[in-house]
Amino acid sequence: METENRKADKKKAKEPKLAQNIMNCEAKTFIGKRIHIVTKDGATGAQARAFMNKLESDGTMEQLKAFAAEEKNYIAGICTNFTSKGYDYWVAVEVEPDMERPEGFEMTETPEGSYAYFECEGGSEEAIAKKWEEVYNKWFPKSGYNHKGTQEIEVYPAGDMEAEGYRCTLLVPVRPLEKIPLSKYRRNSLGSAPFILLGSVVGLLIAGNKATDTKTMLIAALIGGALAWFVYDYVMKRRRQREEEKEQDSDR
């Protein structure tokens, strides 16, 4: 019995520890305005802050604050619709779920689920950019979590965001890393064997009469098998990608 307990303790010690800064958030409804942030241009934080300043200067921010639900005295910066070229950035306030959309504004919802939360010292553009870099480059690799693919939320409480001592919060949707059993990799390896064999045969057939010696035949078979493996690997990656996308859609 003692031996079994030791084995269980060793197994548990080897498992990655999940980050503790996780909270469950209920679904929320927001009203606001948005722009599309282009990642190619760089300085994504500057684009978002410029949009926020514009809404402040033209009076839109005051209109938004008037829509906010009771005791929801904060401005939300919501990042969503991520692509390789950019994402949408909302400046919004949380409202009651049954509120009708005011003319000239849009509505969006964030889903219930697990969110990693990060306190940010300062609300300046530089402070926010530094915290996001820390989240993706330092926290995620060691957290035991993956990004869930839904909206990220920057929570800006009322106050001067440039003032010393100002604090804001970043909420990032997450889900635990999937534990893939070793047998899954073995099945994939075994599954590729017929394709590699077929590719080798096709390579020999294409070489035809040119493959007159053992060396040439071997090279033709290796090239055919390698090409078949690359095709198989690409197809499997695309299949896994589609499965992940379906899983993300079902979580939303």
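Residues numbered from 1 in each chain as written. Predicted model: local features only at pLDDT ≥ 70, side-chain atom pairs only at ≥ 80, totals over all residues. Heavy atoms only, no water.

**Q** Residues and numbers for the overall build of the protein, please.
**A** Check the secondary structure of the protein and you find six helices and nine strands. Expressed as a percentage of its 252 residues, the buried residues of the protein come to 36%. For the protein, contacts bridging at least 24 residues in sequence account for 73% of all contacts bridging at least 6. Accessible surface, the protein as shown: approximately 16,800 Å² in total, 54% of it carbon and sulfur. (Helix = DSSP H or I, 4+ residues; strand = E, 2+ residues; numbered from the N terminus. Buried < 20%, exposed > 50% of the residue type's maximum accessible area, 1.4 Å probe, protein only. Contact = heavy atoms within 4.5 Å. Areas by Shrake-Rupley, 256 points an atom, 1.4 Å probe, with all protein chains shown as cover.)

**Q** Now, about unusual backbone geometry: what can you tell me, with residues and values included?
**A** Of note, glutamate 71 is a non-glycine position whose phi angle comes to about 65°, a positive value. On the secondary structure map, glutamate 71 appears in the loop between α3 (60-67) and β3 (74-80). Overall, the relative accessible area of 76% leaves glutamate 71 in the exposed class. The backbone of asparagine 81 sits at a positive phi, close to 55°, despite the residue not being glycine. Looking at the element boundaries, asparagine 81 is found in the loop between β3 and β4 (86-95). By relative accessible area, which is 44% here, asparagine 81 ends up partly exposed.

**Q** If you had to explain a negative patch on the surface to someone new, which residues and values would you point to?
**A** There is a patch of like negative charges on the surface, built from Glu70, Glu71, Glu96 and Asp98. Along the chain, the position of glutamate 96 falls in the loop between β4 and β5 (106-110). Accessibility expressed as a relative area gives 42% for glutamate 96, which makes it partly exposed. (Patch = residues over 30% accessible without salt bridge, like charges linked within 9 Å, V, L, I, M, F, W, Y side chains within 5 Å. Salt bridge = Lys/Arg side-chain N within 4 Å of Asp/Glu carboxyl O. Lys, Arg positive; Asp, Glu negative; His and termini not counted. Charge placed at Lys NZ, Arg CZ, Asp CG, Glu CD.)

**Q** Describe the pattern of salt bridges, listing the residues and the values that go with them.
**A** Following the criterion strictly, the structure yields seven salt bridges and no others. The salt bridge involving glutamate 106 is made with arginine 34; its shortest N-O contact spans 3.0 Å. One end of the pair, glutamate 106, is in strand β5; the other, arginine 34, is in strand β2 (residues 28-38), and 72 residues separate them in sequence. Classification of glutamate 106 as partly exposed rests on a relative accessible area of 29%.

**Q** Describe in detail the side chain of threonine 108, supporting the description with residues and values.
**A** Mapped onto the fold, threonine 108 is located in strand β5. According to the relative accessible area criterion, threonine 108 is buried, its value standing at 14%. What threonine 108 contacts, discounting residues up to four positions off in sequence, is Lys28, Thr29, Phe30, Ile78, Trp90 and Gln151.

**Q** So, the nonpolar core: which residues are in play, and what are the values?
**A** Tyr89, Val91, Trp139 and Tyr156 are the most contacted members of the largest nonpolar core, which totals 34 residues. When residues of this core are traced back to their parent elements, those giving at least two are β2, α2 (44-57), α3, β3, β4, β6 (113-121), α4 (125-143) and β9 (167-176). With six residues, the top contributor of residues to this core is α4. Not counting the four nearest positions on each side in its chain, tyrosine 156 is found in contact with Arg49, Met52, Tyr74, Ile75, Gly77, Tyr89, Gly123, Ile128, Met161, Tyr166 and Cys168. The next biggest cluster of nonpolar side chains, apart from the first, holds eleven residues, and it includes Phe30, Tyr74, Ala92 and Ile153. (Core = buried A, V, L, I, M, F, W, Y, C linked by side-chain atoms within 4.5 Å.)

**Q** Describe the pairing of β4, naming the residues involved and giving the relevant values.
**A** Taken across its ten residues, β4 has ten buried, putting it largely inside the fold. In β4, alternate side chains face the same way, and those of Gly86, Asp88, Trp90, Ala92 and Glu94 on one face and Tyr87, Tyr89, Val91, Val93 and Val95 on the other are all buried. For β2 and β4, the ladder comprises ten bridges, and the chain directions are antiparallel. Opposite isoleucine 35, over in β4, you have tyrosine 89 as the bridge partner. Two elements, β3 and β4, share five bridges in a ladder whose sense is antiparallel. Considered in β4, the bridge of alanine 76 is made with alanine 92. With antiparallel pairing between neighbouring strands as the criterion, β3 and β4 make up a hairpin whose turn holds five residues, including asparagine 81 at a positive phi of roughly 55°. (Pairing = 2+ DSSP bridges.)

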